[in-house]
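The primary structure of each chain is shown beneath.
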Amino acid sequence: MSDELWERLEPLLPQRERRFRYPGRKPLPDRKVLCGILYVLHTDNQWEYLPQELGFGSGMTCWRRLRDWNEAGVWQRLHEVLLAELNAASRLDWSRCVVDSSHVRALKGGSSPVRHR
């Protein structure tokens, strides 16, 4: 992963506080885990077959961190940041934009709901 991409993503990741009492093992650095996540997604490997020799941690560690980051809204925020940057640089062609009604609420609907017989 490039340093440039990591610099954009790192501030979006939630900071985890380590327990003071019984801290347990130190967690793997987020950057290594992210590389493991990207490796699995890119190679279409199963999580449990992530090679330990690569130093990305276990597949379960990567999967859990992906789940936690997804629940924290990291990917949505990254998407918004990248869209804002591309839009500011006039690199987006909005004429090719499609709004999917399954993801966008229709705030102003008809006067009454449609009845199916």
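Residues numbered from 1 in each chain as written. Predicted model: local features only at pLDDT ≥ 70, side-chain atom pairs only at ≥ 80, totals over all residues. Heavy atoms only, no water.

What about the packing of helix H2 (residues 30-43) against helix H3 (residues 59-71)?
Selection criterion: Convention adopted: a line fitted to C-alpha atoms gives each axis, helices being fitted over their contacting stretch, and angles between N-to-C directions are expressed from 0 to 180 degrees. Going along the chain from the N terminus, every DSSP run of H or I of four or more residues is numbered as a helix, and every run of E of two or more is numbered as a strand. An angle below 35 degrees is treated as roughly parallel, one above 145 as roughly antiparallel, one from 65 to 115 as roughly perpendicular, and anything else as oblique. By definition, residues are in contact when any of their heavy atoms lie within 4.5 Å. Here the nonpolar group is Ala, Val, Leu, Ile, Met, Phe, Trp, Tyr, Cys and Pro; Asp, Glu, Lys and Arg are the charged ones; every other residue, Gly included, is treated as polar.
Closest axis-to-axis distance for the H2/H3 pair is 9 Å, and the angle between their directions is 100°. Classified by the angle their axes make, H2 and H3 are roughly perpendicular. Each of Asp-30, Val-33, Leu-34, Gly-36 and Ile-37 in H2 lies in contact with H3, whose residues at this interface are Thr-61, Cys-62, Arg-65, Leu-66 and Trp-69. When its residues are assigned to classes, the contact of H2 with H3 shows six nonpolar, two polar and two charged.

Some thoughts on unusual backbone geometry
Cut-off, in case you're wondering: Residue exposure (1.4 Å probe, protein chains only): buried if accessible area is under 20% of the type maximum, exposed if over 50%, otherwise partly exposed.
Within the chain, Asp-44 stands out as a residue other than glycine whose phi angle is a positive 65°. With respect to the helices and strands, the residue Asp-44 is situated in the loop between H2 and H3. Among the residues examined, Asp-44 registers a relative accessible area of 70% and is labelled exposed. With a phi angle near 55°, Ser-90 is a residue other than glycine that sits in the positive phi range. Mapped onto the elements, Ser-90 comes out in the segment after helix H4 (74-88). With a relative accessible area of 65%, Ser-90 lands in the exposed category.

Examining the nonpolar core
Let me state the cut-off plainly: Joining through side-chain atoms within 4.5 Å is the link that ties buried Ala, Val, Leu, Ile, Met, Phe, Trp, Tyr and Cys residues into a set, and such a set is a nonpolar core.
Counting 17 residues, the largest nonpolar core has Leu-9, Ile-37, Trp-47, Cys-62, Trp-69 and Val-74 as the members making the most contacts within it. Going through the elements one at a time, helix H1 (3-9), H2, H3 and H4 are the ones with two or more residues in this core. For this core, the element with the highest residue contribution is H2, accounting for five residues. Those residues in contact with Val-74, other than ones at most four positions away along the chain, are Leu-9, Leu-12, Leu-13, Pro-14 and Trp-69.

Section: the packing of aromatic side chains
Definition in use: Any two of the Phe, Tyr and Trp rings considered here, Trp counted by its six-membered ring, make a pair once their centres fall within 6.5 Å; the pair's planes then place it as stacked at under 30 degrees, edge-to-face at over 60, or tilted in between.
According to the stated counting rule, one finds two aromatic pairs in the structure shown. Judged by centre distance (6.2 Å) and plane angle (70°), the ring pair of Trp-69 and Trp-75 falls under edge-to-face. Look at Trp-69 and you get buried, because its relative accessible area is 2%. With a relative accessible area of 26%, Trp-75 lands in the partly exposed category.

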